[in-house]
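Chain by chain, the residues:
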Amino acid sequence: MAAVAQIGVRSETFSRARLLGAFYTVVGLAILFFFSRNTHVGELATLGLNTVQSVKAIQLPDIIVPVLPVTAILGALVTLLGVWQMVRGFRTTGWLLGVASSAFLVSFLVWAARGTSFSLIGILSASLQLATPILLGALSGVLCERSAVINIAIEGMMLGAAMTSVLVANLTGSLWLGFFAALAVGALLAAWHAVMSIQFKMDQIVSGTVINIFATGLTSFLNQRVMQVYQNLNNQVTFPLLSQVSPELGRIPILGPLFFDQSPIVWMALILLVVIQVALFNTRWGLRTRAVGEHPRAADTLGINVIRTRYINVILGGMVAGLGGAYFTLGSVGRFDKLMTNGRGFIALAAMIFGNWTPVGSFASSLIFGFADALQVKLQILSGQVNIPSDFLLMLPYIVTMIALAGVVGRVVPPAADGQPYEKQ
Amino acid sequence: MRRRIFVLIALLALAVIALAACAPAPTPAHTPAPPTAAPAQPPSAPAPTTAPAPTSAPAPTTAPAPTTAPTAAPTTAAAATTSGYKVALVTDIGGIDDKSFNATAWKGVQDAMTKLGVQGKYLQSRQQTDYEKNILEFVQEGYPMIVTVGFLLGPATAKEALANPNVKFAIVDYSYPDCYPGAVVGKDCGSNNPIPNVRGLVFQTDQAAFLGGYLAAGMSKTGKVGTFGGLQLPTVTIYMTGFQSGVQYYNSKHNTNVQVLGWDSKTNKGLFTGTFTDPDKGKTAAQSLIDEGADVVLPVAGLTGNGAFTAAQQANVYAEGVDTDQCVSVPSACPVLLTSVEKNMDVAVFNSIQSAINGTFQGGTNYVGTLSNGGVGLAPFHNMDSKIPATLKTELDQVKADIISGKIPTGFATLK
């Protein structure tokens, strides 16, 4: 902050506001320049509002727009706003970022779809799916770290839960038993983490790593020795999509394919998001959790049981991670394959940090990641239009997340006592 | 400050996990591992000064040193009876249980274990740095024959094969010489010449995928079919290219305009998930293709591809399997599988092992699996048999005959 003020003092002409204006002007010009290339007047782009999955849904006409006018108008708009900001300055500038990034995104999409079509709803629906396991992992992280226990074992908990859910569901023939078994395994591994890091005050990173290695090894071993041998234990088990349960929901245009052609676990994640956000900031439990995470000594003085609060939070976090694990199997693919979480637990941790240790922030960063991931798949399919090698497109989610969050979030502040074991005096 | 340290530790921990993952997996056929230099070094032999570096010495090559121990020939293992013959296999990253690529190659070794009584053992590569390490491990254990699985193992296999001329190698999906003009031997490619102790097993998969594409085009109602790959490797794109050529051939025959999404062999661009081990990603990739209208999906991505079958099931469209008959290896996918584009690596691996035992091992040459020698082909239609029109089946037979006779080009360069 001090540095910014200094710059402001040093030079009136290059104040932060002017720099911001210059930046948006450049963005506007970039839209005008890049997204008018390789296209011609009158070329159309089609953005589909229907997915094949929801053929039963009421069909909407696709959005068909002319490419050049759209990109020209949006580019000019952003340029004008940027120039205005440079010359006169707006009172608040937060909304500028929203306008500029949406204009950039829309122009890019329209430009990428020039002369062809792609399913807009498909991208959005896939974003939500891709964001779900990351969101659940991040929520698990929020629960643990808000009470000052670092949990890098989310990956391992997810993996263990994913395998257990398939095993139990196939053994018992009940999806719900598989589901609860996943939660139980998450809780069990979390309890282990809690005992090691809270009771024995072991380094929390080491304890988490131990669990990750344990889960990786055990699931790979059991997968190979048990599930490969008795293939009936790895039959496909998935929750029916909501639209399969109640077709009326699936028939709603846009919302149907977007929200109801989804696994119930997607909904559970969204509900959990709201519950945890409200609980963390508006309930007694939430206040205590945050107190324990920020200043355990003070919390203890006020009569809060620090150790018990941490135990409860870590185990709850483990159950949420277990739900994330169940997403991979019961909510998505339906079978277990070794190492199928593929590092989502770690991406979730990053999402939690970018989200500034809040549920809503974590949701935003997982959505950005999911959207960028879904977008890069579409761009690869449209490879004729977008001349970028697939290797680079595969990096897109990571790059976009970093840029978007570094630009918007800036400095994040972890809970003050994060990672420190508590010793009663 | 403290936070920084934690982040550092977290990164370290990540590395630890990655490293832990590449620890050799437990293997079903456990052979008592001989001490590294044992086969070459009889206990009575006066130890030559160069010998006692057991861990680093590539056993077979240093063996013949002591003239006082003529009985301990380095080739004793190879000359032993069939039942004692040991065969090792090094997988690519997908691992032995990917139900397609590596699993099929391993089945070749398993067949040799049951039919020829050889002792088989494998090591799984978790990352690319494991390739050479795993091969070396088996060389040091004195295995007379090592099968390496996958295009990416090419350079590592060449290096070890050249260093250990007494060990027989068979490599799936690769052949030598592999150097292109300007390539640096040992860095960009393995060898400028055929390697006398290596048999390359390559597959003209585009021929089978051509049939798969033709079938897909014939079954598509939306006029769009889709495909995606794991990584953009020639052994992956050969499927996609053949598939596209098959669709185009169908179009020219039937005057239709079935489009292929996810791959274009003209621009060499398409849809890749970047991994062979992520079914959830495969599911989203397939969904994305389906959203664009594809109603037949061909995933060429190992375990990642298995997720595509779930997507196909949910959207009620067709899919095709790869490498092996996936209706058998992934039974739950059977209801959506039109067929599988088979690449019979198991047969090729088995034959190489058999020839190595018989003494007819053709090192320095390559086996090319084609439609005509049965090295590649389409799997049975299983449940779909009744849904595929008889005329389409007859056409497929005709197309197959025409590919074999060379009448139809399948779009990919001929392998040698």
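Given the structure is predicted, the values throughout are model-derived calculations rather than measurements. (Residues numbered from 1 in each chain as written. Chains lettered and ligands numbered in written order. Predicted model: local features only at pLDDT ≥ 70, side-chain atom pairs only at ≥ 80, totals over all residues.)

## What to know about the overall build of chain B
- The secondary structure content of chain B amounts to 13 helices and 14 strands.
- The buried share of chain B, taken over its 416 residues, is 56%.
- Across chain B, contacts joining residues at least 24 apart in sequence account for 70% of those joining residues at least 6 apart. (Helix = DSSP H or I, 4+ residues; strand = E, 2+ residues; numbered from the N terminus. Buried ≥ 20, exposed ≤ 12 C-beta atoms within 10 Å, placed from the backbone. Contact = placed C-beta atoms within 7 Å.)

## Quick look at the interface of chain A and chain B
- At the interface, 48 residues of chain A touch 47 residues of chain B.
- Along the lines of polarity and charge, the residues of the side of chain A that touches chain B split into 20 nonpolar, 24 polar and four charged. (Nonpolar A, V, L, I, M, F, W, Y, C, P; charged D, E, K, R; others polar.)

## Regarding the domain arrangement of chain B
All names here are of chain B.
- Per the domain assignment, the segments making up chain B are domain 1 (81-203 + 344-375) and domain 2 (205-342 + 381-404).
- Centre-to-centre, using C-alpha coordinates, domain 1 lies 28 Å away from domain 2.
- In terms of residue class, the side of domain 1 that touches domain 2 is made up of six nonpolar, six polar and three charged. (Domains from an automatic or database assignment.)

## Examining the sheet that holds strand E13 (residues 366-369) of chain B
Residues and elements named next belong to chain B.
- Pairing within the open sheet is parallel, and its six strands lie in the order E2-E1-E3-E4-E5-E13. Edge positions in the sheet fall to strand E2 (119-123) and E13, since each of these pairs with one other strand and no more. Taken over all neighbouring pairs, the strand axes of this sheet differ in orientation by 15° on average, direction set aside.
- Bridging between strand E4 (residues 168-172) and strand E5 (residues 198-203) involves four bridges; their strand directions are parallel. Counted as the bridge partner of Val172 is Leu201 from E5. (Pairing = 2+ DSSP bridges. Axes fitted to C-alpha atoms, helices over the stretch in contact; angles between N-to-C directions.)

## Quick notes on the packing of helix H4 (residues 101-115) of chain B against helix H12 (residues 345-358) of chain B
Residues and elements named next belong to chain B.
- Interaxial distance between H4 and H12 falls to 7 Å at its minimum, and their mutual angle equals 40°. When the axis of H4 is compared with that of H12, the two are oblique. Crossing of H4 over H12 shows right-handed handedness. Facing Thr104, Ala105, Lys107, Gly108, Val109, Asp111 and Ala112 of H4, the residues of H12 in contact are Met345, Asp346, Val347, Ala348, Val349, Phe350, Ile353 and Gln354. (Parallel < 35°, antiparallel > 145°, perpendicular 65-115°, else oblique. Left-handed = near helix turned anticlockwise from the far one by under 90°.)

## Brief notes about the sheet that holds strand E12 (residues 337-343) of chain B
Residue and element names in this part refer to chain B.
- With respect to topology, six strands assemble into an open sheet ordered E7-E6-E10-E11-E12-E14, the strand pairing being mixed. Since the sheet does not close on itself, it has two edges, and those belong to strand E7 (259-261) and strand E14 (376-378), each with one partner. On average, each strand axis in the sheet is inclined to that of its neighbour by 20°, with strand direction left out of account.
- Pairing analysis gives three bridges linking E12 to E14, with the strands arranged antiparallel. Looking at E14, one finds that Glu342 is bridged to Gly377.
- Across the sheet, helix H10 (residues 302-315) is in contact with strand E10 (296-300) and strand E11 (318-323); its angle to E10 comes to roughly 165°.

## A few points about the environment of B:Ala105
Residue and element names in this part refer to chain B.
- By the secondary structure assignment, Ala105 is in helix H4.
- Judged by the 30 C-beta atoms lying within 10 Å of it, Ala105 is buried.
- As a C-alpha pair, Ala105 and Val149 span 44 residues in sequence and 7.0 Å in three-dimensional space.

## A short note on the nonpolar core
- B:Val297 and B:Ala312 are the most contacted members of the largest nonpolar core, which has 207 residues in total.
- Ranked by the residues each element gives to this core, the list is headed by helix H5 (residues 120-146) of chain A, at 15 residues.
- For B:Ala312, the residues in contact, after removing those within four places along its chain, are B:Ala286, B:Val297, B:Val317, B:Tyr318, B:Ala319 and B:Val336.
- Of all hydrophobic cores here, the second largest spans 17 residues; its members include A:Val67, A:Val78, A:Ala103 and A:Phe118. (Core = buried A, V, L, I, M, F, W, Y, C linked by C-beta atoms within 7 Å.)

## Examining the pairing of strand E1 (residues 44-48) of chain A
- Where E1(A) meets strand E2 (residues 63-66) of chain A, four bridges bridge the pair, whose relative direction is antiparallel. Its bridge partner lying in E2(A), A:Leu44 is registered against A:Pro66.

## Considerations on the packing of helix H12 (residues 264-282) of chain A against helix H17 (residues 359-381) of chain A
All names here are of chain A.
- Two elements in contact, H12 and H17, have axes whose closest approach is 8 Å; the angle formed by their N-to-C orientations is 145°. Residue-level contacts link Leu273, Ile276, Gln277 and Leu280 of H12 to Pro359, Val360 and Phe363 of H17.
- In the contact of H12 with H17, the residues fall into six nonpolar, one polar and no charged.

## Details of the confidence of the model for chain A
- Per-residue confidence for chain A gives a mean pLDDT of 88, with 95% of residues at or over 70.
- Low pLDDT, under 50, characterises residues 1-10 of chain A; the stretch is placed with four contacts to residues that sit more than four places away or in other chains. (pLDDT = per-residue confidence, 0-100.)

## Some details on helix H7 (residues 205-219) of chain B
- With 15 residues, H7(B) extends 21 Å between its outermost C-alpha atoms, agreeing within 8% with the 21 Å of an ideal straight helix rising 1.5 Å per residue.
- Counted residue by residue, H7(B) has 15 buried out of 15 residues, so it is predominantly covered. (Expected span 1.5 Å × (residues − 1).)

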